[in-house]
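These are the residues of each chain, in order.
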Amino acid sequence: KKQTFHDYYVMNPRKFISITNGITHRRWLAVSNPGLTALLTETIGDGFLKDYTQFEKLMDYVNQEAFLEKFAAVKRQNKKRLAEYVYQTQGIVINEDSLFDVQAKRLHEYKRQLMKCLHILCLYDEIKAHPDKNFQPVTIFFAAKASPGYIRAKNIIRLINAVADLVNNDVDTKDFLTVVFIENYGVSSAECLIPAADISEQLSTAGLEASGTSNMKFMMNGAVTIGTMDGANVEISQRVGAENIFIFGADEAEIERMKAYQTYLPGELYEKNQAVRRAVGHLIDGILPVASPHQFSDLYQSLLFGKFGTPDPYFVLYDLPDYIRIFEKALAKYTEKPLDWYQTAAINTAKSGYFSSDRTILEYNDQIWHLTPVE
Ligand SMILES: *Cc1c(COP(=O)(O)O)cnc(C)c1O
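None of these values were measured; they are calculated from a predicted model.

Draft legend 1. Main features of the overall build of the protein. Along its length, the protein carries 16 helices and 6 strands. Scaling as 2.2 N^0.38, a compact globule of 375 residues should have a C-alpha radius of gyration of about 21 Å, and the protein matches this with 21 Å. Projected onto its principal axes, the C-alpha coordinates of the protein cover approximately 65 × 55 × 35 Å. For the protein, the residues scored as buried account for 51% of the 375 residues in total. Excluding contacts between residues fewer than 6 apart, the proportion of contacts in the protein whose partners are at least 24 apart in sequence is 75%. When the accessible surface of the protein is totalled, it reaches about 18000 Å², and 51% of it is carbon and sulfur.

Listed below in structure tokens is the structure:
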């Protein structure tokens with residue numbers, strides 16, 4: 001209404017309505033997560049399968065320790081299943097007791113897999129700086145395909161694999177940090193990956209994600225979101241409440257202001273923040289095991305200098321420090337207050353009914369199609 005189709009909107013405002021996307025909970029819960037489906041059925045009956053409003057019944061149980069322990073046990077089973085899948089398909093051994101942190105979506109600059117890579121390099125530096133300290137083990141999964149002609153996206157996949165080679169093989173970090181790039185991402189691997197996630201990474205630059213649907217699949221399966229105020233993350237946060245989601249970074253208004261007044265100065269942020277400076281430096285300092293020392297200089301340039309005098313339009317370095325802060329907060333909750341963590345996870349499942357595509361289709365019918373439903 002305000003930008004892309006503004007002229008058309010002014011002529012024809014009635015043509016513009018918005019309907020929140022949904023996902024089918026039959027595939028993304030009943031088929032993909034039989035363990036959680038059985039627990040829900042045992043707890044609230046199986047009515048939720050045909051009537052998405054019944055997910056809310058779960059709210060009566062999220063204060064019961066016995067239920068939360070069962071919820072956690074299902075998550076452990078799903079992590080085990082994913083670990084077996086990754087071993088079978090890629091020969092990688094992962095720690096099933098680590099926190100599973102997942103970013104699964106098309107590879108695109110606006111979705112900021114690059115920011116997650118820089119975060120991992122920050123964690124790497126942090127662990128290297130404290131060789132005698134014990135850290136909560138974390139396994140970070142990326143799953144993504146890049147469009148064949150999208151050269152920078154292909155290079156980010158290279159970077160993910162180089163970062164994985166670095167942290168998975170360093171004696172100081174390998175017990176605490178594992179990075180896995182899931183090959184050949186598609187619906188079948190997503191069905192195994194999503195039910196196993198503790199954290200759902202939704203890192204798009206505010207204003208650029210129309211909706212997102214993996215955010216809905218993850219919440220339904222009891223993953224806690226770390227995300228920007230973008231797309232359907234906004235509605236997820238309204239439904240679960242601010243205490244059950246980890247929101248970070250610039251919102252859309254802030255991004256628009258930085259663009260309008262040209263106040264985004266990545267070079268200054270780089271100078272000011274030592275952790276960021278070190279992580280970005282690793283793109284070109286030779287620490288990453290790749291054939292050419294220049295493999296990632298294009299990414300380095302894009303973060304610091306942008307293109308044709310316009311700074312990085314995805315504001316990676318602007319949001320990175322706040323992302324580092326919120327990830328630490330989420331990690332602390334997971335490690336120090338496991339019961340609170342699983343309560344938050346269960347609240348996410350309980351509030352996910354709204355994101356069933358059944359609701360979406362009913363809204364389409366009410367507002368556009370006006371068909372008579374068939375019983
Ligand atoms: C749900 C899904 C997507 C969409 O993911 P977003 O994070 O919402 O962009 C893409 N690919 C596969 C295989 C999916 O299952």
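Draft legend 2. A look at the site of the ligand. Close to the ligand lie Trp28, Ala104, Lys105, Lys111, Tyr185, Gly186, Val187, Ala190, Gly212, Thr213, Ser214 and Lys217, which account for all nearby residues. Lysine 111 has a polar side-chain atom sitting 2.8 Å from an oxygen atom of the ligand. Protein contacts shield 82% of the accessible area of the ligand, which totals 380 Å² for the unbound molecule. If you list the elements that add at least two residues to the shell around the ligand, you get helix H7 (187-193) and helix H8 (214-220). Split by residue class, the shell around the ligand holds 5 nonpolar, 4 polar and 3 charged.

Draft legend 3. Representation of unusual backbone geometry. Of note, arginine 112 is a non-glycine position whose phi angle comes to about 60 degrees, a positive value. The topology assignment puts arginine 112 in the loop between strand E1 (99-104) and helix H5 (113-129). For arginine 112, a relative accessible area of 1% gives the class buried. Even without being a glycine, asparagine 184 presents a positive backbone phi close to 55 degrees. Tracing the chain through its elements places asparagine 184 in the loop between strand E3 (177-182) and H7.

Draft legend 4. How the structure looks around the pairing of strand E2 (residues 138-143). Burial analysis of E2 places 6 of its 6 residues in the buried class, which makes it a mostly covered element. Because side chains alternate across E2, one face comprises the buried residues Val138, Ile140 and Phe142, and the other comprises Thr139, Phe141 and Ala143, equally buried. In terms of strand pairing, E1 meets E2 through 6 bridges, oriented parallel. Counterpart to aspartate 101 in the pairing with E2 is isoleucine 140.

Draft legend 5. A look at the packing of helix H6 (residues 151-169) against helix H13 (residues 297-305). Direction vectors running N to C along H6 and H13 enclose 110 degrees, while the axes themselves pass 10 Å from each other. Our classification of the angle between H6 and H13 gives roughly perpendicular. Counted together, Arg152, Asn155, Ile156 and Leu159 of H6 and Asp298, Leu299 and Ser302 of H13 form the full contact between these two elements. Classifying every residue of the contact of H6 with H13 by side-chain character gives 3 nonpolar, 2 polar and 2 charged.

Draft legend 6. Highlighting the sheet that holds strand E4 (residues 199-202). As summarised here, the arrangement of the 6 strands in space is E3-E2-E1-E4-E5-E6, forming an open sheet in which the pairing is parallel. The open sheet terminates on both sides in strands that have one partner only, identified here as E3 and strand E6 (246-247).

Draft legend 7. The nonpolar core, seen in detail. Counting 119 residues, the largest nonpolar core has Leu118, Phe141, Leu159, Leu193, Ile226, Val280 and Leu317 as its most contacted members. Those residues in contact with leucine 193 that lie beyond four places of it in its chain are Leu82, Val102, Ala104, Phe141, Ala143, Ile182 and Tyr185.

Draft legend 8. Local environment of the pairing of E4. A two-sided burial pattern is seen for E4, the buried positions comprising Ile199 and Glu201 on one face and Ser200 and Gln202 on the other. The sheet contact formed by E1 and E4 spans 2 bridges and is parallel. By the bridge assignment, aspartate 101 is partnered in E4 with isoleucine 199. Pairing geometry for E4 and strand E5 (residues 224-227), over 4 bridges, is parallel. Looking across to E5, one finds that glutamine 202 is bridged to glycine 227. Between E4 and its parallel partner E5, the chain crosses via H8, and the hand of that crossover is right-handed.

Draft legend 9. Representation of the pattern of salt bridges within the structure. Tallied over the full model, the rule gives 16 salt bridges. Lysine 111 is the partner of glutamate 209 in a salt bridge, and the nearest nitrogen-oxygen pair spans 2.8 Å. One end of the pair, glutamate 209, is in the loop between E4 and H8; the other, lysine 111, is in the loop between E1 and H5, with 98 residues separating them in the sequence. Across the pair, lysine 111 and glutamate 209 agree in class, each one buried. What you see here is one network of salt bridges that share partners, running through Asp101, Lys116 and Glu201.

Analysis parameters
- Residue positions are given per chain, counting from 1 as you read along its sequence in written order.
- In keeping with the model being predicted, local features are shown solely for residues with a pLDDT of at least 70 and side-chain atom pairs are shown and tallied solely at 80 or more, while totals for entire chains, interfaces and linings include all residues.
- The basis for every side-chain value is the complete set of non-hydrogen atoms in the structure, without hydrogens or water.
- We count a stretch as a helix when DSSP gives it H or I for four or more residues in a row; a strand needs E for two or more, and each element gets its number in order from the N terminus.
- With the radius of gyration taken over C-alpha atoms, the globule rule is written as 2.2 Å times the number of residues to the power 0.38.
- The cut-offs for exposure are 20% and 50% of the maximum accessible area for each residue type, with area from a 1.4 Å probe on protein chains only; residues under the lower value are buried, those over the upper are exposed, and the others partly exposed.
- It only takes one pair of heavy atoms within 4.5 Å for two residues to be counted as in contact.
- Reported accessibility uses the Shrake-Rupley method at a 1.4 Å probe radius. Residues are deemed covered only where the shown protein chains occlude them.
- Think of it this way: one heavy atom of a residue within 4 Å of a molecule or strand is enough to make that residue near it.
- Polar contacts, as used here, are pairs of N or O atoms within 3.5 Å; protein pairs need one atom able to donate a hydrogen and one able to accept it. Residues neighboring in sequence count only if both atoms are side-chain atoms.
- When residues are sorted by character, Ala, Val, Leu, Ile, Met, Phe, Trp, Tyr, Cys and Pro go into the nonpolar class, Asp, Glu, Lys and Arg into the charged class, and all the rest, Gly among them, into the polar class.
- Two strands form a pair only when DSSP identifies at least two bridges running between them.
- What counts as an axis is a line fitted to C-alpha atoms, over the stretch in contact for a helix, and the angles between N-to-C directions run from 0 to 180 degrees.
- Convention used here: angles under 35 degrees read as roughly parallel, angles over 145 as roughly antiparallel, angles from 65 to 115 as roughly perpendicular, and any remaining angle as oblique.
- Only buried Ala, Val, Leu, Ile, Met, Phe, Trp, Tyr and Cys residues count toward a nonpolar core, and they belong to the same one when joined by side-chain atoms within 4.5 Å.
- Crossover handedness is defined here as right-handed if the route from the first strand over the helix to the second strand goes clockwise, with the strands pointing away from the viewer.
- Here, a salt bridge means any side-chain nitrogen of Lys or Arg that lies within 4 Å of a carboxyl oxygen of Asp or Glu.

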